Amino acid sequence: MKLLLGTTNLGKIHDYQKYLVHANLELVTLGDLGILDQPLEIGENYKDNALQKAKFYAERSEYPTLADDGGLEVDALDGRPGIESNRWLGPNATHEQKLTKLLDLLEGVPLAKRTARLRNIVLVFFPHERDYIYVEAVREGIIPTRKEILGRLMPGYPYRSILFIPELDKYYNELTDEERETSDHRKRACRELLLKLEPYLF
């Protein structure tokens, strides 16, 4: 089965190509098909956004299409930035500006109350059946202080750069390949997704 990856994020494409491996699954990118259009993200939650994106690209390709959505949820900020994680300061804000704003809002909040998580919904829409499957994965952690985070920005994955995982004593982006086997939330999502895709892979 050909599965279109409905994202232009090179980091995500790399992850999916690495984690979604099956003898009967061929991954296709938007670049392979010359699709340049981009959908609006106006859903009320992560699943709505992922479904909107998957439908948008499936209609342009007629392929089953994978799309995802997710964000950083900070408890001290009532779950913000959440669904707005990629655009809460507008479409032109840099990763540095987003992280600076986040740290400004957390100024003075004690470490014990700086708990946070990365939540990710990965969904596949089947255009001919007009049906979809999805999985959800979460990675819990904390957001350390500005002094500890300074200079840690990781291109492409800004929030992974600042999410500290206490039980591993590491930031998310510092995990080894072995640690990612059990701690990478996108990898866990892909593993569960492959199980749900199995009935379609023939």
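The sections below set out a description of the structure shown in this document. (Residues numbered from 1 in each chain as written. Predicted model: local features only at pLDDT ≥ 70, side-chain atom pairs only at ≥ 80, totals over all residues. Heavy atoms only, no water.)

**Observations concerning the packing of helix α1 (residues 10-19) against helix α7 (residues 185-197)**
Across the interface, α1 lies against α7 with an axial gap of 10 Å and an inter-helix angle of 45°. As far as their axial angle goes, α7 and α1 are oblique. Handedness of the α1/α7 crossing: right-handed. Across the interface between the two elements, Lys12, Asp15, Tyr16 and Tyr19 of α1 pack against Arg186, Lys187, Cys190 and Leu194 of α7. (Axes fitted to C-alpha atoms, helices over the stretch in contact; angles between N-to-C directions. Helix = DSSP H or I, 4+ residues; strand = E, 2+ residues; numbered from the N terminus. Parallel < 35°, antiparallel > 145°, perpendicular 65-115°, else oblique. Left-handed = near helix turned anticlockwise from the far one by under 90°. Contact = heavy atoms within 4.5 Å.)

**Looking at the pattern of salt bridges**
Summed over the entire model, instances satisfying the criterion amount to 18 salt bridges. Across the pair arginine 119 and glutamate 73 runs a salt bridge, and its minimum N-O distance is 2.9 Å. Taken together, the positions of arginine 119 in strand β4 (residues 115-126) and glutamate 73 in strand β3 (residues 65-74) put the pair 46 residues apart, joining distant regions of the chain. Between aspartate 104 and arginine 146 there is a salt bridge whose closest N-O contact spans 2.6 Å. Highlighted residues: aspartate 104 in helix α4 (residues 95-105) and arginine 146 in helix α5 (residues 146-149), separated in sequence by 42 residues. We classify aspartate 104 as partly exposed; its relative accessible area is 42%. In this structure, a network of salt bridges that share partners links the residues Glu73, Asp75, Arg117, Arg119, Glu136 and Glu140. (Salt bridge = Lys/Arg side-chain N within 4 Å of Asp/Glu carboxyl O. Buried < 20%, exposed > 50% of the residue type's maximum accessible area, 1.4 Å probe, protein only.)

**Some details on the packing of aromatic side chains**
A full pass over the atoms with the stated rule returns 4 aromatic pairs. Here phenylalanine 56 and tyrosine 57 contribute two aromatic rings whose centre-to-centre distance is 5.2 Å and whose plane-to-plane angle is 85°, an arrangement assigned as edge-to-face. Of the two residues, phenylalanine 56 and tyrosine 57, both sit in the buried class. Between tyrosine 132 and tyrosine 134, the ring centres sit 6.4 Å apart and the planes meet at 40°, which makes this aromatic pair tilted. Judged by relative accessible area, which is 28%, tyrosine 132 ranks as partly exposed. For tyrosine 134, a relative accessible area of 32% translates into the label partly exposed. Note that arginine 60 overlies the ring of phenylalanine 56, its terminal NZ or CZ placed 3.5 Å from the centroid. We note arginine 160 situated over the ring of tyrosine 172; from NZ or CZ to the ring centre the distance is 5.0 Å. (Phe/Tyr/Trp six-rings, centres within 6.5 Å; stacked < 30°, edge-to-face > 60°. Lys NZ or Arg CZ within 6 Å of the ring centre and 35° of its normal.)

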